[in-house]
Amino acid sequence: MTMTTTITRTQRWVLGLSALASFMVVLDLLVVATALPSIRRDLGASLEDLEWTVNAYTLSFAVLIMTGAALGDRLGRRRMFAAGLVLFAAASAACALASSVGTLVVARTVQGAGAAMIMPLALALLNAAFPPERRGWATGVYGSVTALAVVLGPVLGGAVTQGLAWPWIFWINVPIALLAAPLVSTRVPESRGAGTRIDGAGLLLGGLAATGLVWALVRGNSAGWRSAETVGTAVLGVVALAAFLAWERRAPAPMLPLRLFRSRSFSAGNAAMFFLSASVTGAIFFTAQLFQVGQGLGPFAAGLRLLPWGVLPMLLAPSAGALADRIGARNLIVVGTVAFAAGMSGLALSAAPHASYLVLVGPILLSGAGLGVAIPAVTRSAVSLVAPPDLAKASGVFSTLRQLGGAFGVAIGGAVFAATGGYGSATGYVEGYTPAVLIAATLALGATAAGLSLPRPTTAATTRPAGSLDHPIAVD
């Protein structure tokens, strides 16, 4: 098979706009993380409020992703991608204008709905625009731009929060989204999938399952782990999850096509992303506050100290994506996730109110390198080998599990932090930070286990029949 080294003008536009949209969505998560201490002070927010500031966004995002993918299949992926950008801009403005935690959480929920229309369709349009043998390279570039948001997010969030005020972190999204929307409408070719119905029952059951389980984790410490509220919402989540899976097996137009999980590569890639996202999001949530609450620094200084975390992913992602095309995803996922877990463990054990940054920066760099190696390989395993008719739904499943992983990572870390530490003093914060981030490192090893479940790579490329689930280039 001959691999072309050039891309068309249309492919450049698709890649650029897809990456820009991903950049904006990820930047929003990172700038919010750096601004959390300021939001806590200005709005009188508790740890639980801060968790919902993050989780309202990620849960709405996760629950509605498959609906966004289905709307794109039915009404046009380009059209719904552009509409998602406009909704994201409007919700970002509402976040900036929020005067209470409740209003902010509601606006973040709507913002997540906009992201749910953006992300699966961006990835579906990207994969549809490139042939299979070039998708690893394309997703590597896409990942490197996303990693740039990781680089800039903490610094930009800190600079804006300290120089202006935290609402301005949300105003950043508005011009980006409003400039990108008309370019999507004019430069990206329209595409559609099978015109299926919206799975309303699946949407309701999936939403109840995710919300019930996360609610129990977030409220467990304050309401009591044996309280009727905690136990009741946890049971609701488990029952709704079982009902959701049962319904999806027989639904005429399932939002989560369970047949996709017959692919070992798809299943392992999605499991790896769930655990890796849980680990990364939980670690970012607490580490972004470590330098401010635990060491007394300002938002900008804290953001600068997080800068190395994103540099290596940005530099390594394109090469890692191309390498995954040649050797398969298994080894890269394993090496990358182990490195991330090791870095997080080192950071957790080294954290102290007066710890030198020279002690902390090594683990930060190691974990960043791990992400740069692992994420393109995880994406390729989960999405890049799926047959074209399934791209939108496969991308939606991948994005759903990534966001659910983030919500669970923050909720689990928050439960551990609340049980062992608090915001009362720098020492108290570090006492909660260390076990919370060790939990994040443990979650990363779940991604390692998922990577190990992939078949060992073969030296010869194997082409499957067109339209097969893992079509077309290599055995992973």
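Basis of the calculations
- Residues numbered from 1 in each chain as written.
- Predicted model: local features only at pLDDT ≥ 70, side-chain atom pairs only at ≥ 80, totals over all residues.
- Heavy atoms only, no water.
- Helix = DSSP H or I, 4+ residues; strand = E, 2+ residues; numbered from the N terminus.
- Buried < 20%, exposed > 50% of the residue type's maximum accessible area, 1.4 Å probe, protein only.
- Areas by Shrake-Rupley, 256 points an atom, 1.4 Å probe, with all protein chains shown as cover.
- Expected span 1.5 Å × (residues − 1).
- Bend = angle between axes of the 7 residues up to and from the residue.
- Axes fitted to C-alpha atoms, helices over the stretch in contact; angles between N-to-C directions.
- Left-handed = near helix turned anticlockwise from the far one by under 90°.
- Contact = heavy atoms within 4.5 Å.
- Nonpolar A, V, L, I, M, F, W, Y, C, P; charged D, E, K, R; others polar.
- 1 Å grid on protein atoms, 1.4 Å probe; cavity = no way out; pocket = protein on both sides within 12 Å on 5 of 7 lines; lining within 4 Å.
- Points joined across faces, edges and corners; volume = space filled by probe spheres on them.
- Core = buried A, V, L, I, M, F, W, Y, C linked by side-chain atoms within 4.5 Å.
- Phe/Tyr/Trp six-rings, centres within 6.5 Å; stacked < 30°, edge-to-face > 60°.
- Lys NZ or Arg CZ within 6 Å of the ring centre and 35° of its normal.
- Polar contact = N/O pair within 3.5 Å; in protein donor to acceptor, adjacent residues only side chain to side chain.
- Salt bridge = Lys/Arg side-chain N within 4 Å of Asp/Glu carboxyl O.
- Patch = residues over 30% accessible without salt bridge, like charges linked within 9 Å, V, L, I, M, F, W, Y side chains within 5 Å.

## Description of the overall build of the chain
Consideration 1: For the chain, the helix and strand inventory stands at 15 helices and 0 strands.
Consideration 2: Taking all 476 residues of the chain together, the buried fraction comes to 60%.
Consideration 3: Accessible area for the chain stands at about 16900 Å²; split by element, carbon and sulfur atoms hold 68% of it.

## Here's the deal with helix 1 (residues 9-43)
Consideration 1: Over its 35 residues, helix 1 runs 47 Å from end to end, which matches the ideal 51 Å to within 8%, given 1.5 Å per residue.
Consideration 2: Maximal helix bending in helix 1 amounts to about 55 degrees, located at Ala-35; proline Pro-37 follows within four positions.
Consideration 3: Where burial is concerned, most of helix 1 is hidden: 25 out of the 35 residues are buried.
Consideration 4: A positive phi of about 65 degrees marks Gly-44, the residue just after helix 1.

## Some thoughts on the packing of helix 2 (residues 47-75) against helix 3 (residues 77-97)
Consideration 1: Running from N to C, helix 2 and helix 3 point in directions that differ by 150 degrees, and their axes come no closer than 8 Å. For the crossing formed where helix 2 meets helix 3, the hand is right-handed. Residues Tyr-57, Leu-71, Gly-72, Asp-73 and Leu-75 of helix 2 touch helix 3, and the partners they reach there are Arg-77, Arg-79, Met-80 and Phe-88.
Consideration 2: Tallied by class, the residues present in the contact of helix 2 with helix 3 amount to 5 nonpolar, 1 polar and 3 charged.

## Regarding the layout of surface pockets
Consideration 1: Approximately 420 Å³ is the volume attributed to the largest pocket.
Consideration 2: As for the largest pocket, its lining consists of 21 residues, of which Leu-241, Phe-244, Leu-256, Leu-401 and Leu-404 are closest to the centre.
Consideration 3: If you list the elements that add at least two residues to the lining of the largest pocket, you get helix 2, helix 8 (200-223), helix 9 (228-250) and helix 14 (391-420).

## Regarding the environment of Gly-76
Consideration 1: Looking at the element boundaries, Gly-76 is found in the loop between helix 2 and helix 3.
Consideration 2: Considered as a pair, Gly-76 and Leu-121 are 45 residues apart in the sequence and their alpha carbons are 9.5 Å apart.

## Section: the nonpolar core
Consideration 1: Counting 123 residues, the largest nonpolar core has Leu-85 and Ile-118 as its most contacted members.
Consideration 2: No other element matches helix 1, which puts 17 residues into this core.
Consideration 3: Here Ile-118 is in contact with Ala-21, Met-24, Val-25, Phe-81, Gly-84, Leu-85 and Phe-88, once residues within four sequence places are set aside.

## A few points about the packing of aromatic side chains
Consideration 1: Here the structure, examined in full by the defined rule, presents 13 aromatic pairs.
Consideration 2: Between Phe-274 and Phe-275, the aromatic rings sit 5.5 Å apart at their centres with planes inclined by 90 degrees, giving edge-to-face as the arrangement.
Consideration 3: When its relative accessible area of 22% is taken as the criterion, Phe-274 is described as partly exposed.
Consideration 4: Taking 5.1 Å as the distance between ring centres and 55 degrees as the angle between the ring planes, the aromatic pair formed by Phe-417 and Tyr-429 counts as tilted. One end of the pair, Phe-417, is in helix 14; the other, Tyr-429, is in helix 15 (residues 426-452), and 12 residues separate them in sequence.
Consideration 5: On the basis of relative accessibility, which here comes to 1%, the residue Phe-417 falls in the buried class.
Consideration 6: An aromatic cluster is built from Phe-285, Phe-286, Phe-417, Tyr-423, Tyr-429 and Tyr-433, whose rings are joined through pairwise contacts.
Consideration 7: The ring of Tyr-57 has Arg-108 lying over it, and the distance from NZ or CZ to the ring centre is 4.4 Å.
Consideration 8: Over the ring of Tyr-357 we find Arg-305, and its NZ or CZ is 5.7 Å from the ring centre.

## Regarding the side chain of Thr-287
Consideration 1: The topology assignment puts Thr-287 in helix 10 (residues 264-294).
Consideration 2: Given the relative accessible area of 0%, Thr-287 is considered buried.
Consideration 3: Only 2.8 Å separates the side chain of Thr-287 from the backbone oxygen of Ala-283, close enough to count as a polar contact.
Consideration 4: Excluding residues within four positions of it along the chain, Thr-287 makes contact with Leu-306, Trp-309, Leu-347, Tyr-433 and Val-437.

## So, the pattern of salt bridges
Consideration 1: Under the counting rule described, the total for this entry stands at 1 salt bridge.
Consideration 2: Here Asp-28 ties to Arg-108 by a salt bridge, and the two come within 2.5 Å at their closest N and O atoms. Note that Asp-28 is positioned in helix 1 and Arg-108 in helix 4 (residues 101-129), a separation of 80 residues in sequence. Arg-108 shares its class with Asp-28; the two are buried.

## Details of empty space enclosed by the protein
Consideration 1: Taken as a whole, this structure holds 3 cavities of 30 Å³ or more when the rule is applied.
Consideration 2: As for the second largest cavity, its lining consists of Leu-29, Ala-33, Leu-36, Val-54, Thr-281, Ile-284, Phe-285 and Val-410.
Consideration 3: Mapped onto the lining of the second largest cavity, the elements with two or more residues apiece are helix 1 and helix 10.
Consideration 4: Here the lining of the second largest cavity is built from residues that sort into 7 nonpolar, 1 polar and no charged.

## Considerations on the environment of Ala-138
Consideration 1: Along the polypeptide, Ala-138 turns up in helix 5 (residues 132-163).
Consideration 2: You can call Ala-138 buried: its relative accessible area is 1%.
Consideration 3: For the pair Ala-138 and Ile-7, spaced 131 residues apart in sequence, the C-alpha to C-alpha distance is 10.0 Å.
Consideration 4: Look past the residues within four positions of Ala-138 in its chain and what remains in contact with it is Leu-15, Leu-126 and Phe-130.

## Quick notes on a nonpolar patch on the surface
Consideration 1: Taken together, the side chains of Leu-204, Leu-208 and Leu-236 define a hydrophobic patch exposed on the protein surface, amounting to about 260 Å² of accessible area.
Consideration 2: Among the secondary structure elements, Leu-204 is positioned in helix 8.
Consideration 3: Using a relative accessible area of 54% as the deciding quantity, one classes Leu-204 as exposed.

## Some words on the environment of Thr-103
Consideration 1: Position of Thr-103 among the secondary structure elements: in helix 4.
Consideration 2: Of the residues examined, Thr-103 reaches a relative accessible area of 38% and is grouped as partly exposed.
Consideration 3: In this structure the side chain of Thr-103 is engaged in a polar contact, spanning 2.9 Å, whose partner is the side chain of Ser-100.

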